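Letter by letter, the chains look like this.
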Amino acid sequence: MRLVVSEFMSLDGVSQAPGGPEEDTDGGFDHGGGAMPWFDPEIMGSAIDAVMAYTEALLFGRRTWQTMAAAWPDRAGTDPFADRMNALEKYVVSSTLDADDLTWENSHLLADGDPLESVAALKAEPGGTLSVMGSTQLASALLGAGLVDELLLMIEPVLLGGGKSVFPHDREMRALELVSVQPTAGGVLVCTYRPGEIPPMPDFDET
């Protein structure tokens, strides 16, 4: 399977709690919902819909799964996006939830052993696209392990001054290839990246 990570992100790389004030206040974060003032339904909504159109399964960390599980089931039958979210297979990486907690339909727990090995095994199965939405800690670990095939970053023109990021902080250099970029009228850059190769250093020797 192909693994795609989709994230709302501030210009200084913060992806924590884009959807609402109480979504994730870890570390005293008080800018929850910071992505919403810049949300462009036509361009950003279309980008998300495009990812969902080719998604065959979803992969979540615990907190994001719980947020989604509290939102989408009650909208069944009234919202096509909710119907799509409810119908997809969902895999949850968590060491604190158990199978009885997964009341959202089509949810499965990846709890045994190393979660990165479990995701790698899931990716090795036949299928299409496995999508990660939010799940900042999980997305960072997946990037660090080289398991991400594509990044959809919706970069808002705002600085949040600190918070959780999807980018690994392990001092490793990783090159990305910019596949596409589309600006919104409000200044958001909707960027698609794939793993790339670090180019050779230029020769500045003029002698």
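Below is a short write-up of the structure.

What counts as what
- Residues numbered from 1 in each chain as written.
- Predicted model: local features only at pLDDT ≥ 70, side-chain atom pairs only at ≥ 80, totals over all residues.
- Heavy atoms only, no water.
- Phe/Tyr/Trp six-rings, centres within 6.5 Å; stacked < 30°, edge-to-face > 60°.
- Helix = DSSP H or I, 4+ residues; strand = E, 2+ residues; numbered from the N terminus.
- Buried < 20%, exposed > 50% of the residue type's maximum accessible area, 1.4 Å probe, protein only.
- Lys NZ or Arg CZ within 6 Å of the ring centre and 35° of its normal.
- 1 Å grid on protein atoms, 1.4 Å probe; cavity = no way out; pocket = protein on both sides within 12 Å on 5 of 7 lines; lining within 4 Å.
- Points joined across faces, edges and corners; volume = space filled by probe spheres on them.
- Nonpolar A, V, L, I, M, F, W, Y, C, P; charged D, E, K, R; others polar.
- Polar contact = N/O pair within 3.5 Å; in protein donor to acceptor, adjacent residues only side chain to side chain.
- Contact = heavy atoms within 4.5 Å.
- Salt bridge = Lys/Arg side-chain N within 4 Å of Asp/Glu carboxyl O.

1. Remarks on the packing of aromatic side chains
Then comes step 1: Tallying each qualifying case throughout the model produces four aromatic pairs.
Then comes step 2: Consider the rings of Trp65 and Trp104, whose centres lie 6.4 Å apart with planes at 50°: the pair is tilted. Of this pair, Trp65 sits in helix H2 (residues 62-71) while Trp104 is found in the loop between strand S3 (89-93) and strand S4 (107-110), placing the two residues 39 residues apart along the sequence. Side by side, Trp65 and Trp104 carry an identical accessibility label, which is buried.
Then comes step 3: An aromatic cluster of three or more residues is present, and its members are Phe60, Trp65 and Trp104.
Then comes step 4: It is Arg75 that lies over the ring of Trp72; its NZ or CZ is 4.7 Å from the centre.
Then comes step 5: Here Lys90 stacks its cationic end above the ring of Trp104, 4.5 Å away from the centre of that ring.

2. Brief notes about empty space enclosed by the protein
Then comes step 1: Applying the stated criterion across every chain, the model contains one cavity of 30 Å³ or more.
Then comes step 2: For the largest cavity, the lining is made up of 16 residues, of which Val14, Gln16, Pro18, Ala35 and Leu160 are closest to its centre.
Then comes step 3: Of all the elements, strand S1 (residues 2-10) adds the most residues to the lining of the largest cavity, at three residues.
Then comes step 4: Grouping the constituent residues of the lining of the largest cavity by class yields nine nonpolar, six polar and one charged.

3. Comments concerning the layout of surface pockets
Then comes step 1: If you add up the space inside the largest pocket, you get close to 1,300 Å³.
Then comes step 2: Glu23, Thr64, Met133, Gly134 and Ser135 are the residues nearest the centre of the largest pocket, which is lined by 47 residues in total.
Then comes step 3: Secondary-structure elements contributing two or more residues to the lining of the largest pocket are S1, helix H1 (43-54), H2, helix H4 (115-123) and helix H5 (136-144).
Then comes step 4: Looking at the lining of the largest pocket, the element that brings in the most residues is H2, giving six residues.
Then comes step 5: Residue classes in the lining of the largest pocket are distributed as 20 nonpolar, 16 polar and 11 charged.
Then comes step 6: Forming the boundary of the second largest pocket are 16 residues, of which Leu143, Arg174, Ala175, Leu176 and Pro195 lie nearest the centre.
Then comes step 7: Of all the elements in the fold, those that place two or more residues in the lining of the second largest pocket are H5, strand S6 (150-156) and strand S8 (189-195).
Then comes step 8: In terms of residue count, the dominant contributor to the lining of the second largest pocket is S8 (three residues).

4. Description of the side chain of Asp24
Then comes step 1: Within the secondary structure, Asp24 sits in the loop between S1 and H1.
Then comes step 2: Classification of Asp24 by relative accessible area gives buried; the value is 6%.
Then comes step 3: A distance of 3.0 Å separates the side chain of Asp24 from the backbone nitrogen of Asp26, its partner in a polar contact.
Then comes step 4: For Asp24, the contacting residues outside a window of four places in its chain are Gln16, Ala17, Phe29, Arg63 and Lys164.

5. Observations concerning the environment of Met9
Then comes step 1: Within the secondary structure, Met9 sits in strand S1.
Then comes step 2: Here Met9 falls in the buried class, since its relative accessible area comes to 4%.
Then comes step 3: Sequence-wise, Met9 and Asp30 are 21 residues apart; in three dimensions their C-alpha atoms are separated by 15 Å.
Then comes step 4: When near neighbours in sequence (up to four residues on either side) are disregarded, Met9 contacts Val14, Ser15, Leu153, Met154, Ile155, Glu156, Val166 and Phe167.

6. A short note on the pattern of salt bridges
Then comes step 1: By the definition in use, this model includes eight salt bridges.
Then comes step 2: The closest approach of N and O atoms between Glu150 and Arg2, which form a salt bridge, is 2.5 Å. With a gap of 148 residues between them, Glu150 in strand S6 and Arg2 in strand S1 connect regions that are remote in the sequence.
Then comes step 3: With a shortest N-O distance of 2.7 Å, Asp170 and Arg174 are connected by a salt bridge.
Then comes step 4: With relative accessibility at 34%, the residue Asp170 sits in the partly exposed group.
Then comes step 5: By relative accessible area, Arg174 is classed as partly exposed at 35%.
Then comes step 6: Residues joined by salt bridges that share partners form a network here, namely Asp24, Asp26, Arg63 and Lys164.

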